[in-house]
Amino acid sequence: MGEGERRRVVVGVSGSPGSLAALHRGAFEARRTGAVLLAVGAWEPPRGALAHPSSMLAPPMTEFRQMADDRLLTALGTAFGADGPGVPCRGLVVWDRPGRALVRTADRIGDLLVIGGGRRGRMRRALYPSVARYCLAHAACPVLAVPRSPLHRELASVRRRVSLRLPLDASELTDGRSPDPLS
């Protein structure tokens, strides 16, 4: 690494719970190694926005870019609050597919790429390529894949029950034991 270049921990940020967990782990790794935290948000215009370049109506690229900037700032605020991550941090918004954007950004010797595990049901795997798999296959630096929280399945179950307006039993949120302050 040349003089003036600091190590970087590059984190993929989409605003999902997995990417927020990756941000926290990335901040931990940056603190541990004295690196700079680089939060990367990838964006692409909606499908069809560039289909007719000769059209009189130009796609609102600046609005799409602004939405990506806002999503990255919101994710950083959600993850760290007003105090920030406690390490030097930069945000970067890249126009590209998420996996490719992360691999191209984490291109220095000494970089560490941190990604969230994400949701991977059968249907989702069939419809969307895995950013984590892409990064693991193509990155030139070490990749740290942060697994989903063990609470994710329980929270998803509660969310489904609420959206379907099914009754929710508070004991489903615990290990089944009734709370007893004296035990």
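This structure is a prediction, so every number in the text was calculated from the model and none was measured.

Asker: Account for the nonpolar core, with residues named and values stated.
Answerer: Soluble globular proteins tend to bury their nonpolar side chains together. Counting residues in hydrophobic clusters, the biggest one holds 25 residues, and the most contacted among them are Val9, Val11, Val13, Leu23, Leu37, Phe80 and Val114. With eight residues, the single largest contributor to this core is helix α2 (residues 61-80). The residues contacting Val114, other than those within four sequence positions of it, are Val9, Val10, Val11, Gly12, Ala22, Arg25, Gly26, Leu144 and Val146. Counting 14 residues, the second largest nonpolar core, distinct from the first, contains Val40, Leu102, Ala106 and Leu113.

Asker: An account of the pattern of salt bridges is needed here, citing residue identities and associated values.
Answerer: In the structure shown here, the tally under the stated rule is eight salt bridges. Residue Glu29 is joined to Arg25 by a salt bridge in which the shortest nitrogen-to-oxygen separation is 3.0 Å. Of this pair, Glu29 and Arg25 are both found in helix α1 (residues 17-33), four residues apart, which corresponds to roughly one turn of the helix. Salt bridges sharing partners connect three or more residues here, namely Arg8, Asp107 and Asp111.

Asker: So, the sheet that holds strand β5 (residues 143-146): which residues are in play, and what are the values?
Answerer: Taken in spatial order, the five strands of this open sheet run β3-β2-β1-β4-β5, and their pairing is parallel. With one partner strand each, in any of the chains shown, β3 (89-95) and β5 form the two edges of the open sheet. On average, each strand axis in the sheet is inclined to that of its neighbour by 25 degrees, with strand direction left out of account. In this structure, strand β4 (residues 112-116) lies alongside β5, joined through four bridges in parallel fashion. Opposite Gly116, over in β5, you have Val146 as the bridge partner.

Asker: Any chance you could break down the pairing of strand β1 (residues 8-12) for me, citing the residues and the numbers?
Answerer: For β1, the buried fraction is high: five of the five residues fall into the buried class. Residue alternation in β1 divides its side chains into two sets, Arg8, Val10 and Gly12 and Val9 and Val11, and both sets are buried. For the segment spanning β1, α1 and strand β2 (residues 36-43), crossover handedness is right-handed.

Asker: Quick one: what's the story with the environment of Ala68, residue by residue and with numbers?
Answerer: Within the element layout of this structure, Ala68 appears in helix α2. For Ala68, a relative accessible area of 5% puts it in the buried group. What Ala68 contacts, discounting residues up to four positions off in sequence, is Trp43 and Val93.

Asker: Could you give an account of the packing of α1 against α2, with specific residues and numbers?
Answerer: Here α1 crosses α2 at 65 degrees, and the two axes come no closer than 10 Å. Comparing their axes, α2 and α1 come out roughly perpendicular. Between α1 and α2 lies a crossing of right-handed hand. Listed contacts from α2 to Leu20, Leu23, His24 and Ala27 of α1 are Ala75, Leu76, Thr78, Ala79 and Phe80.

What counts, and where the lines are drawn
- Residues numbered from 1 in each chain as written.
- Predicted model: local features only at pLDDT ≥ 70, side-chain atom pairs only at ≥ 80, totals over all residues.
- Heavy atoms only, no water.
- Core = buried A, V, L, I, M, F, W, Y, C linked by side-chain atoms within 4.5 Å.
- Buried < 20%, exposed > 50% of the residue type's maximum accessible area, 1.4 Å probe, protein only.
- Helix = DSSP H or I, 4+ residues; strand = E, 2+ residues; numbered from the N terminus.
- Contact = heavy atoms within 4.5 Å.
- Salt bridge = Lys/Arg side-chain N within 4 Å of Asp/Glu carboxyl O.
- Pairing = 2+ DSSP bridges.
- Axes fitted to C-alpha atoms, helices over the stretch in contact; angles between N-to-C directions.
- Right-handed = clockwise from strand over helix to strand, strands pointing away.
- Parallel < 35°, antiparallel > 145°, perpendicular 65-115°, else oblique.
- Left-handed = near helix turned anticlockwise from the far one by under 90°.

In short, the description is geometric, and any link to function would need to be established separately.
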